[in-house]
Amino acid sequence: MSIQNLNTFDPFADAIKGADENVQDGLVHIRIQQRNGRKTLTTVQGLSSEYDLKKIVRTCKKEFACNGTVIEHPEYGEVLQLQGDQRENICRWLTKSGLAKAEQLKVHGF
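Residues numbered from 1 in each chain as written. Predicted model: local features only at pLDDT ≥ 70, side-chain atom pairs only at ≥ 80, totals over all residues. Heavy atoms only, no water.

This next bit is on the overall build of the chain. The helix and strand tally for the chain stands at 2 helices and 5 strands. Its helices and strands in sequence order give the chain the pattern β-β-α-β-β-α-β, from N to C terminus. Here the chain holds 110 residues, and the buried ones make up 32% of them. Within the chain, contacts between residues separated by at least 24 positions form 51% of all contacts whose residues are at least 6 apart in sequence. Accessible surface, the chain as shown: approximately 7900 Å² in total, 49% of it carbon and sulfur. (Helix = DSSP H or I, 4+ residues; strand = E, 2+ residues; numbered from the N terminus. Buried < 20%, exposed > 50% of the residue type's maximum accessible area, 1.4 Å probe, protein only. Contact = heavy atoms within 4.5 Å. Areas by Shrake-Rupley, 256 points an atom, 1.4 Å probe, with all protein chains shown as cover.)

Now the structure itself:
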C-alpha cells in the first residue's frame, strides 16, 4: 500500500509564468469579412486556449461599443467575432493588455 497524498504537488505551477515566458505561442490572425452592403465583421483567430475568450469578447464589446460573440469554427477552433471594422482597435487592445505582442499580430483585409 502506497500513500499518494504525501507527494508534493503544486496546483498553481501552470499558472505561474515568468515575464519572458509568453503564453501566446503562434500568430493571431485578425480578418475583416464583408457581410451585406456596408456591414462588416472582424474575426480574431489564433488566441491561446488558456485565455477565457468570452471574457475577452465582453471586454472588447464594452471598449469598442460594438457587439460580438465567440463561435466554434470546424477548422480554426474558437474564433472571436466583432461587429464592424475593429482591426486597429483590437490590435491596440491586444498589445496594451499584454495578450499578444505586436509581431504576433497578422492583419488581413482590404
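Let's pick the thread back up.
A word on helix α1 (residues 53-64). Taking 1.5 Å per residue as the helical rise, α1 with its 12 residues ought to reach 16 Å, and the 16 Å between its terminal C-alpha atoms agrees with that figure. Among all positions in α1, only L53, I56, V57, C60 and F64 are buried. Down the axis, α1 shows its buried residues gathered within 95 degrees of arc, on one side only. Exposed residues on α1 whose side chains face more than 90 degrees from its buried face are K54 and K62. For α1, the elements touching its buried residues are β3 (68-73), β4 (77-83) and α2 (87-97). Phi turns positive one or two residues past the end of α1, at A65, with a value near 55 degrees. (Expected span 1.5 Å × (residues − 1). Arc of directions from axis to C-beta.)

A few words now on the state of the cysteines. Applying the stated criterion to the full structure yields 0 disulfides. C60 takes part in no disulfide bond, and the closest cysteine sulfur to it belongs to C66, at a distance of 7.4 Å. For C60, a relative accessible area of 0% translates into the label buried. Taking the relative accessible area as the measure of exposure, C66 reaches 14% and is therefore buried. (Disulfide = S-S within 2.5 Å.)

The next thing to look at is the pattern of salt bridges. As enumerated under the stated definition, the model contains 1 salt bridge in all. Between D85 and R87 there is a salt bridge; the shortest N-O distance is 2.8 Å. On the basis of relative accessible area, R87 is assigned to the buried category, the value being 13%. (Salt bridge = Lys/Arg side-chain N within 4 Å of Asp/Glu carboxyl O.)

What follows is about the confidence of the model for the chain. Here the chain shows a mean pLDDT of 84. Residues at 70 or above account for 76%. Across residues 16-20, confidence stays below pLDDT 50; counting only partners more than four residues off in sequence or on other chains, it has 2 contacts. (pLDDT = per-residue confidence, 0-100.)

Right, let's talk about the packing of aromatic side chains for a bit. Applying the stated criterion across every chain, the model contains 0 aromatic pairs. Across the ring face of Y76, the terminal group of R31 is positioned such that the distance to the ring centre comes to 5.8 Å. (Phe/Tyr/Trp six-rings, centres within 6.5 Å; stacked < 30°, edge-to-face > 60°. Lys NZ or Arg CZ within 6 Å of the ring centre and 35° of its normal.)

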